[in-house]
Each structure stands twice: as C-alpha cells, then as structure tokens.
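Spelled out from the first residue to the last, the chains are:
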Amino acid sequence: MVFEKIQAIIVEELGKEPEEVQLTTNIQEELDADSLDLFQIINEIEDEFDVKIETEEGIQTVQDLVTYVEKQQA
Amino acid sequence: MKKYTRITYTSRFVPDHVLTNQQLSTMMDTSDEWIRSRTGIKARHIVTKENTSDLCIKVAQQLLDKSGKVPEEIDFILVATITPDYGMPSVACQVQGAIHAENAFAFDLSAACSGFVYALSMADKLIQSGNYQTGLVIGGESLSKVLDWQDRATAVLFGDGAAGVMVEAGTTQQFLGEKLQSDGQRGQALTSSFLPNQSPFYDNDQTPQPYLQMIGRGIFDFAIKDVSKNILTLVDDASVDFLLLHQANVRIIDKIAKKTNIARHKFLTNMDRYGNTSAASIPLLLDEALEQKTLVLGTNQRVVLTGFGGGLTWGSILLSL
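Right, let's walk through the structure included here. (Residues numbered from 1 in each chain as written. Chains lettered and ligands numbered in written order. Predicted model: local features only at pLDDT ≥ 70, side-chain atom pairs only at ≥ 80, totals over all residues.)

### With respect to the overall build of chain B
Scanning chain B from N- to C-terminus turns up 10 helices and 13 strands. A globule of 321 residues ought to have a C-alpha radius of gyration of about 20 Å, and chain B, at 19 Å, matches this closely. Principal-axis analysis of the C-alpha atoms gives chain B an extent of 55 × 50 × 40 Å. Across the 321 residues in chain B, those meeting the buried criterion constitute 51%. (Helix = DSSP H or I, 4+ residues; strand = E, 2+ residues; numbered from the N terminus. Rg over C-alpha atoms; globule rule 2.2 N^0.38 Å. Buried ≥ 20, exposed ≤ 12 C-beta atoms within 10 Å, placed from the backbone.)

Written as structure tokens, this is what we have:
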C-alpha cells in the first residue's frame, strides 16, 4: 500500500511509467531525477502520509522511501 | 481625503555584459542543457565595472526622466539590496546624492529576495501617512561579488541588475492588501557575507564566509509550502490575473502554481534572461511586463507581487493596476 502510493507520487512528479518505478529503482540515477525532484517527491510523501522526513541523505532507492514511511507509521 | 499609493512609473537597468550558460560551462563542470532544464536560466547579466549604486542610480535617473519630475519633488528613496557598495553610506543615499534629490530622505532595506516587496510595502505606508507625495523604490544587486565562482551549484543561478518604481499619492486605491512574513529560526538555510570580528580583543575562531550559501532542501520546502500559503491568504485562481514571483528557479514557480491551484500561465517569468537577481527580480519583471503590455497601468488588472528569500523572509502585495 505504501509502495503503491509512493510509486504513484514518483510517476506523477517525474512523468515516468509505473513499471519504471520499482522498489529497487535508484531515484536519482535510474530515473534521472535531480535534487529538486527528490525534494518534491519527499514533500508529496510527507503530505500524503503525514510524516516528517528530516533528511534526504541516505535516500537512494524507492525502497528507502518506503522503509522511512513504514518506520514512522509503526 | 484619504491618500492612496499608486505605482506611476517603472524602470530597469542591467549591466551590458551577458554571461551565457555556454560560457559558464567553460569555467566549471556544467552545461547549458543542465542549467536550462533544472533552473530555466539561459543567461544572466554580470557587472564588469559597475557597483550596485551605479545600477540603482541609472534606474532612478530613468524614473525621473519618464515622469518629467524634478529631483526636488522626490520625498524618499528606498533601496532593497543585500549587496550594497558599502556598509555605509547606503546605496539609497548614494542614489539621492547622484540624482540631487535634495528633499528626499534615503535608506536601504535588507530583506534579501523579498526586499523589493518589503520596501514597496514601507513606501505604501509612507504615502498613506499623508506626509509624503512621491518616492522611489528600487531593488538592486551585484550578486556576482558574493558568489563563489568555483561552485557550480550556486554560481549558475544568479545575476546582477536593478529595477524600481516611482510611487505617488493618488485618489484611487491600487494597493489592495499584503502579507509579509519572516522566520529567523530558519535563517541559516540561506546566508551570505559573514564577516568575523577581526578586533585584537575578540576571541575569534570564526572563519569569514563571504559567499552565498544555501541548504537546498530547506529553501525548496520553504518556497513551495510557505510561499504558496502566503499567496493564498490574498488570492485564489478566480481572483488574480497575474502573479510576479521572485525569479529564483522556474521549477519553483511550476510547483507553486500547482500547490496554489492557480493557472500556470498567470505566473510571469523572465529568469531565462536574468537569472536570480534577488531584490531586483520583481521590479525587473514588472517593468518588462508593462513594456510588453502584458500588464497595463490603469486597467485594474489584479496582480500579486511575491518575494521570498534569505532571513527567511517572504511576502506578497496585491495590486489593482
């Protein structure tokens, strides 16, 4: 559920196809996103899940985002 | 009778030298495509011999010429800048001296990229007081002197220039509302020109940091969230014709348009040719839009001017042109 929502956010923000956005996908390297894209994805995730992602450091893959959200929701 | 503030003339002046992305790519590891796609900036003007006061003096002279007024008719001069020639005298006093506005008082206002909006708000209050009839409000910067030209993350973003307006007391209302905000707790997200105390008495382990520095995510979040909220306190899509936002990055404007649900085409831009000129960006855009007749004074177009930047500072003014 968390993954599907994050996938939808990334698809919307970066104009990608859903199949391009998998758990193992590296957001900046494989999806050609730059720092502003990543900030915006984080913003949308914060609003969607009502969580606070303090730092973008260490966030590389879609899995990293999913883990971050699930930890805060637990 | 109640005094209303009216913007009657606008003007701009940028230095001749144009620095393109292509030229920057020969100085540092960057490319035209990279800068354009990520910032919307293609070129910027950079001073080669002028200082901030020179740019602002040109704007003031042009405003006088356009208006046909004599310098003695100017009651006050406000200059918004974070790159003054000196700590003192202020750029505003340099302008006052250069144009011989002998009856004007003059001072600078420091509110970074919100400087012009803050200064315009102050000018509005001065006119409304009934004590002053005519003022000049100018935003001017030579940001090139506070940039680290080795740092591709910041050097490509900024440009130099100045622009301003003449405000006069009138009988019809042009300034409909405003919302100015600050948050000093987030001030370290965007800094420049830190000079440590060099006195022999000072226990000093500080290092000078003259260059402009920013924490990208903090500033991006601020611009998208806080600035969008600020705009929505004054207008929504149905109640605004055009928005002139500080020209930092075209993607910030795209996101603010989305966040506020205001049609993207209402947001004017010119950062492609000027880069981020801090306090000069909004009057630069205003003057161009009037010249191109996108905006026309006296037509009651509802226009929002919004600045946001270091301090943190942000604010909007709603005008009926």
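Past the structure itself, the notes keep going.
### Here's the deal with the interface of chain B and chain A
Across the contact, 8 residues belong to chain B and 7 residues belong to chain A. Of all the secondary structure elements, the ones that give two or more residues to the side of chain B that touches chain A are α7 (216–232) and α8 (250–260) of chain B. With 5 residues, α7 of chain B is the largest single contributor of residues to the side of chain B that touches chain A. When its residues are assigned to classes, the side of chain B that touches chain A shows 2 nonpolar, 1 polar and 5 charged. (Contact = placed C-beta atoms within 7 Å. Nonpolar A, V, L, I, M, F, W, Y, C, P; charged D, E, K, R; others polar.)

### Points about the pairing of strand β1 (residues 4–13) of chain B
All names here are of chain B. With 8 of 10 residues buried, β1 is to be regarded as a mostly interior element. Taken together, the 9 bridges between β1 and strand β7 (residues 160–170) define a ladder with antiparallel strand orientation. Within β7, the residue paired with Tyr9 across the bridge is Met166. (Pairing = 2+ DSSP bridges.)

### Considering the environment of Ala123 of chain B
All names here are of chain B. Here Ala123 is to be found in helix α5 (residues 115–128). Residue Ala123 is classed as buried on the basis of its C-beta count, with 24 C-beta atoms lying within 10 Å. Remark: the alpha-carbon pair of Ala123 and Phe76, spanning 47 residues in sequence, is separated by 8.4 Å.

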